[in-house]
Amino acid sequence: MGNWCINEIEIQGEKLHLKKLNKKINDYINLSKKGNKIFFMEYLIGLGKVPADYNENVGEFKKEWFGTRCDIGLFELEFKMMDESIHIVADSRWYPILPFVSKLCKKYKMTSIM
């Protein structure tokens, strides 16, 4: 059994940006409950520029892009929308999801505390 990292993140930003991210997270949760196999981190920030050898090195690419080879799933995800922030707790395998959080904040124009 692998080691787990507990990622506790507070994302702060303007209410408009927080609402946009909150909607995106809720859309993910609803799609996942309907049985769609959507990866949380990819759903929120995409994959960026995918290298030609992506299929041969998907684990390494995801480790560099997201911070971990495996995605976090609905059952490992806790999040709470507050007035001026979103609080997220998510487990990841082996590594913290620092690159993901950095890209998420850049995309949604926010800051974070981990």
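One can find the structure itself at the top, above this paragraph.
Residues numbered from 1 in each chain as written. Predicted model: local features only at pLDDT ≥ 70, side-chain atom pairs only at ≥ 80, totals over all residues. Heavy atoms only, no water.

**Focus: the overall build of the chain**
Of the regular secondary structure elements, the chain holds four helices and four strands. Overall, the chain shows an N-to-C arrangement of helices and strands of β-α-α-α-β-β-α-β. The C-alpha radius of gyration computed for the chain amounts to 14 Å, which stays within 12% of the reference 13 Å derived for 114 residues, consistent with globular compactness. A principal-axis box enclosing the C-alpha atoms of the chain has dimensions of 45 × 25 × 25 Å. (Helix = DSSP H or I, 4+ residues; strand = E, 2+ residues; numbered from the N terminus. Rg over C-alpha atoms; globule rule 2.2 N^0.38 Å.)

**Focus on the nonpolar core**
If you look at the biggest cluster of nonpolar residues, it comprises 27 residues, and the most contacted ones within it are Leu21, Phe40, Leu44, Ile88, Phe100 and Leu104. Among all residues touching Leu104, those that are not within four sequence positions of it are Ile11, Leu21, Leu44 and Ile45. (Core = buried A, V, L, I, M, F, W, Y, C linked by side-chain atoms within 4.5 Å. Buried < 20%, exposed > 50% of the residue type's maximum accessible area, 1.4 Å probe, protein only. Contact = heavy atoms within 4.5 Å.)

**With respect to the state of the cysteines**
Scanning all chains against the criterion turns up zero disulfides. Cysteine Cys5 remains unbridged, with the sulfur of Cys70 as its closest cysteine sulfur at 12 Å. Since its relative accessible area comes to 30%, Cys70 is described here as partly exposed. (Disulfide = S-S within 2.5 Å.)

**A look at the pattern of salt bridges**
With the rule as written, the count across this model stands at two salt bridges. The residue Glu60 makes a salt bridge to Arg69 at a minimum N-O spacing of 2.1 Å. Residue Arg69 is classed as partly exposed on the basis of its relative accessible area, which comes to 35%. (Salt bridge = Lys/Arg side-chain N within 4 Å of Asp/Glu carboxyl O.)

**Thoughts on helix H1 (residues 15-33)**
In this model, H1 (19 residues) spans 27 Å end to end at C-alpha, consistent with the 27 Å of a helix rising 1.5 Å per residue. Every buried residue belonging to H1 is among His17, Leu18, Leu21, Asn22, Ile25, Tyr28, Ile29 and Ser32, and all of these are buried. With its buried residues spanning 135° around the axis, H1 presents them on a single face. Along H1, the residues that are exposed and aim more than 90 degrees away from the buried face are Lys15, Leu16, Lys19, Lys20 and Lys23. Contacts made by the buried residues of H1 are with strand S1 (4-12), helix H2 (40-45), strand S2 (77-81), strand S3 (85-93) and helix H4 (98-108). (Expected span 1.5 Å × (residues − 1). Arc of directions from axis to C-beta.)

**Focus on the packing of helix H3 (residues 58-66) against H4**
Two numbers describe how H3 lies on H4: the axes approach to 5 Å, and their chain directions differ by 55°. Taken as axis vectors, H3 and H4 run oblique relative to one another. Across the interface between the two elements, Glu64, Trp65 and Phe66 from H3 touch Leu98, Pro99, Phe100 and Lys103 from H4. Within the contact of H3 with H4, the residues separate by chemical class into five nonpolar, no polar and two charged. (Axes fitted to C-alpha atoms, helices over the stretch in contact; angles between N-to-C directions. Parallel < 35°, antiparallel > 145°, perpendicular 65-115°, else oblique. Nonpolar A, V, L, I, M, F, W, Y, C, P; charged D, E, K, R; others polar.)

**Some details on the side chain of Thr68**
Counting through the fold element by element, Thr68 comes out in the loop between H3 and S2. A polar contact of 2.7 Å, which involves the side chain of Thr68, links it to the backbone oxygen of Arg93. (Polar contact = N/O pair within 3.5 Å; in protein donor to acceptor, adjacent residues only side chain to side chain.)

**A few points about the packing of aromatic side chains**
Applying the stated criterion across every chain yields a total of five aromatic pairs. A centroid spacing of 4.9 Å and a plane angle of 65° characterise the contact between Tyr28 and Phe40, whose relative ring orientation is edge-to-face. Of this pair, Tyr28 sits in helix H1 while Phe40 is found in helix H2, placing the two residues 12 residues apart along the sequence. Since its relative accessible area comes to 1%, Phe40 is described here as buried. Centre to centre, the rings of Tyr54 and Phe61 are 5.4 Å apart; their planes meet at 80°, and the pair counts as edge-to-face. Taking relative accessible area as the criterion, Tyr54 reaches 16% and is therefore assigned buried. Here the aromatic residues Tyr28, Phe40, Tyr43 and Phe100 are joined through ring pairs into a cluster of three or more. Lying over the aromatic face of Tyr43, Lys24 brings its terminal NZ or CZ to 4.3 Å of the ring centre. Between Lys103 and the ring centre of Trp65, over which it is positioned, the NZ or CZ distance is 4.4 Å. (Phe/Tyr/Trp six-rings, centres within 6.5 Å; stacked < 30°, edge-to-face > 60°. Lys NZ or Arg CZ within 6 Å of the ring centre and 35° of its normal.)

None of the figures reported here should be taken as evidence of function without further support.
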